[in-house]
Every structure is written in structure tokens, then in C-alpha cells.
Amino acid sequence: MGFSQALNEFWVARSDRERAVLAAAGVLALAAGLYGLVWEPGLKASAKLSATLPRLRAQVEDMRQQQREIVLLRKSSGTASQAADLRALLRASIARTALAGSVQSIDWQSNDRVVLAAPSVEFDSWQQWIGSVQRELGIRLESCNVAALEQAGMVRVEASFVPGGAGPRAP
């Protein structure tokens, strides 16, 4: 005998009054289950979100204000202060590398551009230094003339550098 057949026999054996009581109890159990499993957790989640939302909105507004301040600070620092530090930054960076003895001069070319001349440097060391200057200091290599020397791996370099925000403008 299957479960559905046993349930059907049980239902048929009951009087109309017992069926009504069992149906009402089933509806009541179903309503209690829906309330406990769906409605109450939904109300709790809604209350939690309602309490959290103003704080999150305030955090977003604070981040937007900080973003505006960052943009203003970047604009106010300008390229003049970057250009003033550019030569010193390049000299300090070169002093920490094997290129220190190879660099002949670091001179101003214009207000926001510095020119570096090195009559004989190792090409691989030059490339590594350029990568680190751009990555760590935010200084961009604007132009570079590299000429091979007779000695393998050695080159003559003339390069111009600009602060990270400056550079050649599109025509």
C-alpha cells in the first residue's frame, strides 16, 4: 500500500467535521511555515538594510568629496612643482643605480622638461632604470635617442623626461 493510498483512506474514513478541523490545521500550519520561513526573514533583512543604507550613502558621499579633493590637490600641485623636483628626482634615482658613473649631464631644456645625456651606458641597465623611473616616480620618458657603440651591449643615450601628467600634446 502506497502513501497516497493510505492518506486517501485516512481522509475518507473521517467525518466532515474532522476533515474541516484537519484542513484548518493544515492551512494554519502552512501559514505559520510561510511566515517563519519567508515573511519574518524578509522583514528582518529589510530592517537591517534600512538601518545600513543611510550609513552607506554617507560613506559614498564622503568618497565623492575625497575624490573631488584629490582632483583639486593634483591640479594645485601643478607641473611647476613637479618640474622643480624632476631634476632632483632623476639625479637621486640615478645615484642609486649602476648608471651613476655613466651619466654625463642632467639639464633643464624647458620649464617642465629635463634632458639627460650619457655617452656610454649598458642598454639593459638603461631599460630597467627607465621602467623603474616611470613606475615608481611617475616620470615619463618623452623622447630618447639611443645609438649603439662598438662595444657589445653599450649605447649612447640622449633622453628627455617630463612629469607624469605632462607630455606631448596631440596636434
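Let us look at the structure shown here. Keep in mind that what you see is a predicted model, and the values were worked out from it rather than measured.

## A look at a nonpolar patch on the surface
Phase 1 of the analysis: Residues Phe-3, Leu-7, Phe-10, Trp-11 and Leu-22 make up a contiguous nonpolar surface patch of roughly 530 Å² in combined accessible area.
Phase 2 of the analysis: The dominant element in the nonpolar patch, judged by the number of residues it contributes, is helix α1 (residues 3–12), at 4 residues.
Phase 3 of the analysis: Tracing the sequence through the fold places Trp-11 in helix α1.

## Quick look at the nonpolar core
Phase 1 of the analysis: Residues Leu-90, Leu-116, Trp-126, Trp-129 and Phe-161 are the most contacted members of the largest nonpolar core, which totals 19 residues.
Phase 2 of the analysis: Leave out the neighbours within four places in its chain, and Trp-126 touches Leu-99, Leu-116, Val-121, Cys-144, Val-157, Ala-159 and Phe-161.

## What about the pattern of salt bridges?
Phase 1 of the analysis: By the definition in use, this model includes 4 salt bridges.
Phase 2 of the analysis: Residue Glu-61 pairs with Arg-68 through a salt bridge whose shortest N-O separation is 3.3 Å.
Phase 3 of the analysis: Classification of Arg-68 as partly exposed rests on a relative accessible area of 41%.

Cut-offs used in this document
- Residues numbered from 1 in each chain as written.
- Predicted model: local features only at pLDDT ≥ 70, side-chain atom pairs only at ≥ 80, totals over all residues.
- Heavy atoms only, no water.
- Patch = residues over 30% accessible without salt bridge, like charges linked within 9 Å, V, L, I, M, F, W, Y side chains within 5 Å.
- Areas by Shrake-Rupley, 256 points an atom, 1.4 Å probe, with all protein chains shown as cover.
- Salt bridge = Lys/Arg side-chain N within 4 Å of Asp/Glu carboxyl O.
- Helix = DSSP H or I, 4+ residues; strand = E, 2+ residues; numbered from the N terminus.
- Core = buried A, V, L, I, M, F, W, Y, C linked by side-chain atoms within 4.5 Å.
- Buried < 20%, exposed > 50% of the residue type's maximum accessible area, 1.4 Å probe, protein only.
- Contact = heavy atoms within 4.5 Å.

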